[in-house]
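Structural overview
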Amino acid sequence: MSPVNIKSKLALFSEYWSPKIVAAFNGHDVMLVKLKGEFVWHSHADTDDFFLVIDGNLTIKTRDGDVHLGPGELYVVPKGVEHCPMATEEVHVLLIEPKGTPNTGDEGTAVAKTVI
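Computed from a predicted model, the values in this text were never measured in an experiment. (Residues numbered from 1 in each chain as written. Predicted model: local features only at pLDDT ≥ 70, side-chain atom pairs only at ≥ 80, totals over all residues. Heavy atoms only, no water.)

Our next topic: the side chain of His-44. As for its position among the elements, His-44 is in the loop between β2 (28–38) and β3 (49–55). For His-44, the side chain forms a polar contact with the side chain of His-42, separated by 3.3 Å. (Helix = DSSP H or I, 4+ residues; strand = E, 2+ residues; numbered from the N terminus. Polar contact = N/O pair within 3.5 Å; in protein donor to acceptor, adjacent residues only side chain to side chain.)

Taken as a whole, this structure holds four salt bridges when the rule is applied. With its nearest N and O atoms 3.0 Å apart, the salt bridge here joins Arg-63 to Glu-82. Note that Arg-63 is positioned in the loop between β4 (58–62) and β5 (65–69) and Glu-82 in the loop between β6 (74–77) and β7 (83–98), a separation of 19 residues in sequence. (Salt bridge = Lys/Arg side-chain N within 4 Å of Asp/Glu carboxyl O.)

Mapped onto the fold, His-42 is located in the loop between β2 and β3. Looking at His-42, its side chain comes within polar contact range of the main-chain oxygen of Val-40, at 2.9 Å.

Below, the structure written as structure tokens:
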């Protein structure tokens, strides 16, 4: 086993909204993703949604108000809560979710996750 270097992993890709699996534990995927622009409004019926900002600024819109995150800040969207992540400038985020969780909350519209 080797440590995962987050900075090196982030340098391997440039596309937005396409989570890359960098580790796994207890049935969960640990992923890195680059975000820019606005994602789709969605929710996850069976799981919370974990966001940790590594670099940049992320806004997570909810129907009850926006959550603003900067580097080193994390937020967990409770299961069932509709939300829409958005970033004016590129932001790097670490995500943790149960293996196989679709990023849009819907298998039919989810982006395929790859391991790097």
